[in-house]
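Chains, contacts and geometry: an overview
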Amino acid sequence: MASSKGYLDFVLEQLSGLEEITYRAMMGEYIIYYRGKIIGGIYDDRFLVKPTKSAVSLMPTVTYELPYEGAKEMLLVDHVDRKEFLTKLFVAMYEELPASKKKK
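This report concerns the structure included in the present document. Since this is a predicted model, take the numbers as computed values, not measurements.

Here we look at the overall build of the protein chain
Tallying secondary structure elements over the protein chain gives three helices and six strands in all. Its C-alpha atoms give the protein chain a radius of gyration of 13 Å, within 12% of the compact-globule value 13 Å for 104 residues. Once the C-alpha set of the protein chain is aligned to its principal axes, its extents read approximately 35 × 30 × 30 Å. Considering only intrachain contacts with a sequence separation of at least 6, the fraction spanning at least 24 residues in the protein chain is 53%. Per element, the accessible surface of the protein chain, about 6500 Å² overall, is 54% carbon and sulfur.

The structure is reproduced here in structure tokens:
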């Protein structure tokens, strides 16, 4: 099942306090970038982020879910409606994320 543009718009609005939030559509889903690094994505209208140490510490009762078959587990963000929480989460995760690979 593909994710809806409406859910993407809602998540982007919740992230509006952060600069340099971008996204890329990919096979009916959306990859979310923060300052050029992949932080997570929207899969089947679920907001999932990479399982960094800081993300796990900010969401101690987090659920691990697969974005799609064959993928690595990611963390389900339950509090998508809390702008302050999302801002804190993204800022905390940023340093732990690898730099994006440059295209040749």
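Next, the rest of the story.
Side note on the pairing of strand S4 (residues 46-49)
A two-sided burial pattern is seen for S4, the buried positions comprising Arg46 and Leu48 on one face and Phe47 and Val49 on the other. Note that strand S3 (residues 37-43) and S4 share four bridges and pair antiparallel. By the bridge assignment, glycine 40 is partnered in S4 with valine 49. Between S3 and S4, which pair antiparallel and follow one another directly, the connecting turn spans two residues, one of which, aspartate 44, has a positive phi of 50°. By the bridge criterion, two bridges tie S4 to strand S6 (residues 74-76) in an arrangement that is antiparallel. Paired with leucine 48 across the strands is leucine 76, a residue of S6.

About the thresholds
- Residues numbered from 1 in each chain as written.
- Predicted model: local features only at pLDDT ≥ 70, side-chain atom pairs only at ≥ 80, totals over all residues.
- Heavy atoms only, no water.
- Helix = DSSP H or I, 4+ residues; strand = E, 2+ residues; numbered from the N terminus.
- Rg over C-alpha atoms; globule rule 2.2 N^0.38 Å.
- Contact = heavy atoms within 4.5 Å.
- Areas by Shrake-Rupley, 256 points an atom, 1.4 Å probe, with all protein chains shown as cover.
- Buried < 20%, exposed > 50% of the residue type's maximum accessible area, 1.4 Å probe, protein only.
- Pairing = 2+ DSSP bridges.

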